[in-house]
Amino acid sequence: MTTAPTTTATRRATVRRVRPPDAARMRALRLEMLADAPLAFLETVAEAAARPHADYAARIAAVSRGTATAQFVADPGGRFVGHAGGTAAPDEPGLTVIYAVYLTPAWRGSGLLAHLVDEVAAWSRACGRPELMLEVVVGNDRACRAYQKLGFVDTGVRVPHPKIPTLRELQMRRPA
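This structure is a prediction, so every number in the text was calculated from the model and none was measured.

Enquirer: Hey, could you run me through the packing of helix H1 (residues 23-36) against helix H3 (residues 53-63) in this one?
Expert: For any two helices packed against each other, one specifies the crossing angle of their axes together with the interaxial distance. Where H1 contacts H3, the axes come no closer than 9 Å and their chain directions differ by 105°. Regarding the angle of H1 to H3, the classification is roughly perpendicular. On H3, the residues that touch Ala23, Ala24, Met26, Arg27, Arg30 and Leu31 of H1 are His53, Tyr56, Ala57 and Ile60. Residues belonging to the contact of H1 with H3 are distributed by class as follows: 7 nonpolar, 1 polar and 2 charged.

The structure is reproduced here in structure tokens:
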């Protein structure tokens, strides 16, 4: 499923599910994501940069189809400017966990975040999962506000950050 292009001033981007030919552009966006927001993701720029292209290609091929995991990109034609993934929660059949949400700084505040989340939500509903959940590092107020504008609610649940034990993450949920 592909949303109508998002238009901001003279900029346009189409939000769509990744496809196997997207591997190189997805790798470039991944490296940007990790450099820009290192606490938000589970690997470092060095780890991602060291991974061979074949690994990226295999990952993109895997998430380009099926109902277990999907990744969506914002494509203005050229370099990708946004990403959001979704994966089935293993312990909660009706839940999709949103992960690796990112917008290039120049596109923040453009409305593109809503389109990325809407695509994950539509995919989740099509897979029979009516609820979304995501986790945000406690103290990342900008991200929390952005997600609240999209209907996510802080559940009060706090969990340890999976890589940095001194950090906590808060869980937010909303209907898909």
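Enquirer: Hey, could you run me through the nonpolar core in this one?
Expert: Most often, soluble globular proteins have nonpolar side chains that are buried together. In this structure, Ile98, Leu112, Leu132, Val136, Tyr147, Phe152 and Met172 are the most contacted members of the largest nonpolar core, which totals 29 residues. For this core, the element with the highest residue contribution is helix H4 (residues 112-126), accounting for 7 residues. Val18, Met26, Leu34 and Tyr102 belong to the second-largest nonpolar core, a separate cluster that totals 15 residues.

Enquirer: What is the right way to read the packing of aromatic side chains from this model?
Expert: Pairs of aromatic rings are described using the distance from one ring centre to the other and the angle between the two planes. In this structure the tally under the stated criterion is 1 aromatic pair. Between the aromatic rings of Tyr147 and Phe152, the centroid separation amounts to 5.8 Å while the plane-to-plane angle is 70°, which identifies the pairing as edge-to-face. A relative accessible area of 9% places Tyr147 in the buried class. Looking at Phe152, the relative accessible area reads 3%, which means it is buried.

Enquirer: Would you mind going over the environment of Val136 with me for this structure?
Expert: Along the chain, Val136 falls in strand S6 (residues 131-137). Overall, Val136 belongs to the buried group, its relative accessible area being 5%. The spatial distance from the C-alpha of Val136 to the C-alpha of Arg168 is 8.5 Å, given a sequence separation of 32 residues. Non-local contacts of Val136, meaning those with residues more than four positions away in its chain, are made with Ala143, Cys144, Tyr147, Arg168, Glu169, Leu170 and Met172.

Enquirer: So what exactly am I meant to see when it comes to the side chain of Asp22 here?
Expert: Assignment of secondary structure puts Asp22 in the loop between strand S2 (11-17) and H1. Residue classification places Asp22 among the buried positions, given a relative accessible area of 3%. When sequence neighbours within four positions are dropped, the list of residues in contact with Asp22 reads Arg16, Arg17, Ile60 and Phe80.

Quick notes on the rules
Residue positions are counted from 1 within each chain, in the order its sequence is given. Where local features are concerned, this predicted model is filtered to residues with pLDDT of at least 70; where side-chain atom pairs are given and counted, the filter is 80 or more; whole-chain, interface and lining totals use all residues. Hydrogens and water molecules were not included; the side-chain quantities draw on all heavy atoms of the structure. The axes are straight lines fitted to the C-alpha atoms, using for helices just the contacting stretch, and the angles between their N-to-C directions are given from 0 to 180°. A helix here means a DSSP run of H or I that spans at least four residues, while a strand means a run of E at least two residues long, and both kinds are numbered starting from the N terminus. Roughly parallel refers to an angle under 35 degrees, roughly antiparallel to one over 145, roughly perpendicular to one between 65 and 115, and oblique to any angle outside these ranges. Pairs of residues are marked as contacts when any of their non-hydrogen atoms sit within 4.5 Å. Only Asp, Glu, Lys and Arg are considered charged in this grouping, and only Ala, Val, Leu, Ile, Met, Phe, Trp, Tyr, Cys and Pro are considered nonpolar; every other residue, Gly among them, is considered polar. Nonpolar cores were defined as sets of buried Ala, Val, Leu, Ile, Met, Phe, Trp, Tyr and Cys residues, with membership established by side-chain atoms within 4.5 Å. Here's how the labels work: a residue is buried when its accessible area is under 20% of the maximum for its type, exposed when over 50%, partly exposed in between, all with a 1.4 Å probe on protein chains only. Ring geometry is summarised as follows: Phe, Tyr and Trp rings, the Trp one being its six-membered ring, pair when their centres sit within 6.5 Å, and such pairs are stacked at plane angles under 30 degrees, edge-to-face over 60 and tilted between the two.

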